[in-house]
Amino acid sequence: MAVDDTQPLISHLIELRKRLLNSIIAVLAIFLCLVYFSNDIYQLVSAPLIKQLPAGASMIATDVASPFLAPIKLTIIVSLFLSVPIILYQVWAFVAPALYRHERKLVMPLLFSSSFLFYLGMAFAYFIVFPLAFSFFAKTAPQGVTIATDINNYLDFVMTLFMAFGVSFEVPIAIVLLCWTGVTTPEDLRAKRPYVLVGAFVVGMLLTPPDIFSQTLLAIPMYCLFEVGVFVSRFYVGKNRRDEDEEQDAESE
């Protein structure tokens, strides 16, 4: 391999390292700002369950270090979640030089929308799913069974749901990208609606804890977001084609 051929690769690797470092620094900076409030953050996240516990019941810690480590672990995850817009911007800054002008115009709204939908999914889980699910679980507990959830188990449960709903709410973005790149078309997706509905429940089963309640609460919004993505993708495909034609005309002139 010639020396000239290695220069672009090296420059790309240097740029990639820069973007990764910026993302890590962003997560670390947010964590340092939030670590003092780690117990408050855990209390906020655990509020939906605590409200549904019977009178006198509380969460428990079965490990000696859990009261310290669980809030710290949660704060790290929250810092990562809050850094999503910064991380997506770093991804955009890395790939932007390789994009055409019309592609850059389309990618920026997608980056903003993906951040918004990710947080919307988490908010849906916290304000809608958690109260309904925990109320259901508390009311269906067998008589004589005291609900006393371990803080680590609860953290794993809610983080799984947060991630599942946050990622699943990105369905419109995924559909727009698939249609934009020509992998599929809005018309083909409309014809496959029955399969998508079944697939939404399958994904809900895989991403959520093993209970039909959480699976259904994830599958229904996913299918609704699929319809939103199909609707929006029509405008992106048409706009993309018009911009490509304009650039080709400009180059020919």
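Our subject is the structure listed above.
What you see is a predicted model; the values in this text were computed from it and never measured. (Residues numbered from 1 in each chain as written. Predicted model: local features only at pLDDT ≥ 70, side-chain atom pairs only at ≥ 80, totals over all residues. Heavy atoms only, no water.)

*Asks:* Explain the pattern of salt bridges here, please?
*Replies:* Where charged atoms of side chains with opposite charge meet at close range, the side chains can pair. Counted by the stated rule, this structure contains 3 salt bridges. Between R193 and E227 there is a salt bridge, and its shortest N-O distance comes to 3.0 Å. Taken together, the positions of R193 in helix 9 (residues 193-207) and E227 in helix 10 (residues 212-252) put the pair 34 residues apart, joining distant regions of the chain. Accessibility expressed as a relative area gives 31% for R193, which makes it partly exposed. When its relative accessible area of 23% is taken as the criterion, E227 is described as partly exposed. (Salt bridge = Lys/Arg side-chain N within 4 Å of Asp/Glu carboxyl O. Helix = DSSP H or I, 4+ residues; strand = E, 2+ residues; numbered from the N terminus. Buried < 20%, exposed > 50% of the residue type's maximum accessible area, 1.4 Å probe, protein only.)

*Asks:* It is not clear to me how the nonpolar core should be interpreted in this structure. Could you clarify?
*Replies:* Note on soluble globular proteins: their nonpolar side chains tend to be buried together. Ranked by size, the top nonpolar core spans 57 residues in total, and within it F130 and F162 carry the most contacts. Elements supplying a minimum of two residues to this core: helix 1 (3-34), helix 2 (38-50), helix 3 (66-82), helix 4 (84-95), helix 5 (101-140), helix 6 (151-168), helix 7 (171-180) and helix 10. Here the element with the most residues in this core is helix 5; it accounts for 12 residues. Leave out the neighbours within four places in its chain, and F162 touches V45, F81, M122, A125, Y126 and F130. (Core = buried A, V, L, I, M, F, W, Y, C linked by side-chain atoms within 4.5 Å. Contact = heavy atoms within 4.5 Å.)

*Asks:* What am I meant to see in the packing of aromatic side chains here?
*Replies:* Ring pairs (aromatic) are described by centroid distance and by the angle formed between their planes. Scanning the entire structure with this criterion turns up 12 aromatic pairs. Pairing F118 with Y119 gives two aromatic rings, centres 5.9 Å apart and planes at 70°, and the pair type is edge-to-face. Taken together, the ring pairs connect Y126, F127, F130, F134, Y154, F157 and F162 into an aromatic cluster. (Phe/Tyr/Trp six-rings, centres within 6.5 Å; stacked < 30°, edge-to-face > 60°.)

*Asks:* Got a minute to help me understand the environment of F213 in this structure?
*Replies:* In this structure, F213 sits in helix 10. Given a relative accessible area of 24%, F213 falls into the partly exposed group. Between the C-alpha atoms of F213 and A133, which are 80 residues apart in sequence, the distance is 6.8 Å. Among residues more than four places away in sequence, those in contact with F213 are L132, A133 and F136.

*Asks:* So what exactly am I meant to see when it comes to the packing of helix 3 against helix 6 here?
*Replies:* A packed helix pair is summarised by two numbers, namely the angle formed by the two axes and the spacing between the axes. At a closest axis distance of 10 Å, the pairing of helix 3 and helix 6 adopts a crossing angle of 10°. Regarding the angle of helix 3 to helix 6, the classification is roughly parallel. Contacts from S66, P67, A70, K73, L74, I77 and F81 in helix 3 reach I151, N152, L155, D156, M159, F162 and M163 in helix 6. Residue classes in the contact of helix 3 with helix 6 are distributed as 10 nonpolar, 2 polar and 2 charged. (Axes fitted to C-alpha atoms, helices over the stretch in contact; angles between N-to-C directions. Parallel < 35°, antiparallel > 145°, perpendicular 65-115°, else oblique. Nonpolar A, V, L, I, M, F, W, Y, C, P; charged D, E, K, R; others polar.)

On their own, these measurements won't tell you what the molecule is for.
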